[in-house]
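# A closer look at the structure
The lines below spell out each chain.
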Amino acid sequence: MSRALLLAIAVCVATCLWTLVKFRGETQGRTAPRLENNKAMRLVCISDTHDYHQEIQIPDGDVLIHAGDFTEGGSTSDIRRFNEWLGT
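Within every chain, residues take consecutive numbers counted from 1 along the sequence as written. Restriction of local features to residues with pLDDT of at least 70 applies here, the model being predicted, together with a cutoff of 80 or more for giving and counting side-chain atom pairs; totals for whole chains, interfaces and linings are based on all residues. The basis for the side-chain values is all heavy atoms of the structure; hydrogens and waters are excluded.

### What about the environment of Glu72?
Here is the rule we go by: Note on conventions: DSSP H or I runs of at least 4 residues are helices, E runs of at least 2 residues are strands, and numbering of each starts at the N terminus. Summary of the burial criterion: residues with accessible area below 20% of their type's maximum are buried, those above 50% are exposed, and those between are partly exposed, where the area comes from a 1.4 Å probe applied to protein chains only. The contact rule is simple, with two residues in contact once any of their heavy atoms fall within 4.5 Å.
With respect to the helices and strands, Glu72 occurs in the loop between strand E2 (63-67) and helix H2 (76-86). The exposed category is assigned to Glu72, whose relative accessible area is 58%. Residues Glu72 and Asp48 lie 24 residues apart in sequence; the distance between their C-alpha atoms is 9.0 Å. In this structure, Glu72 is in contact with His50 and Asp51, ignoring residues within four places of it in sequence.

### Quick look at the packing of aromatic side chains
For any pair of aromatic rings, the description consists of the separation of the ring centres together with the inter-plane angle of the planes. This is how the line gets drawn: Stacked, edge-to-face and tilted labels apply to pairs of Phe, Tyr and Trp rings (six-membered ring for Trp) whose centres lie within 6.5 Å, assigned for plane angles under 30 degrees, over 60, and everything in between, in that order.
Evaluation of the coordinates by the stated rule reveals two aromatic pairs. With a centroid separation of 4.3 Å and 25 degrees between ring planes, the pair formed by Phe70 and Phe82 is classed as stacked. Of this pair, Phe70 sits in the loop between E2 and H2 while Phe82 sits in helix H2, placing them twelve residues apart in sequence. Through pairs of rings, three or more aromatic residues link up here, namely Phe70, Phe82 and Trp85.

### A short note on the side chain of Ser47
Filter applied, for reference: Any N or O atom pair separated by 3.5 Å or less is treated as a polar contact, with the protein-specific requirement of one donor-capable and one acceptor-capable atom, and with residues adjacent in sequence counted only for side-chain atom pairs.
Tracing the chain through its elements places Ser47 in strand E1 (residues 43-47). Looking at Ser47, the relative accessible area reads 8%, which means it is buried. A distance of 2.7 Å separates a polar atom in the side chain of Ser47 from the backbone oxygen of Ala67.

So, in structure tokens, the structure goes:
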């Protein structure tokens, strides 16, 4: 596994953990979000894809979190391509 990929995974995990810790106090005493079929919500986290988002196989999930840079240069065309891939 490349160093860049390991770093991207570490950033993604850290971001997800920070989010869970941040909202933990706000959700105490309440039940965790559930889907209609009463299954727990599955979060998928990716990070720092830098224009390589189309080459990543993303597992099934209920919520996709993209943390970090999704383009290399941030051009308007890069942003449009990412938005089209995301499906919004």
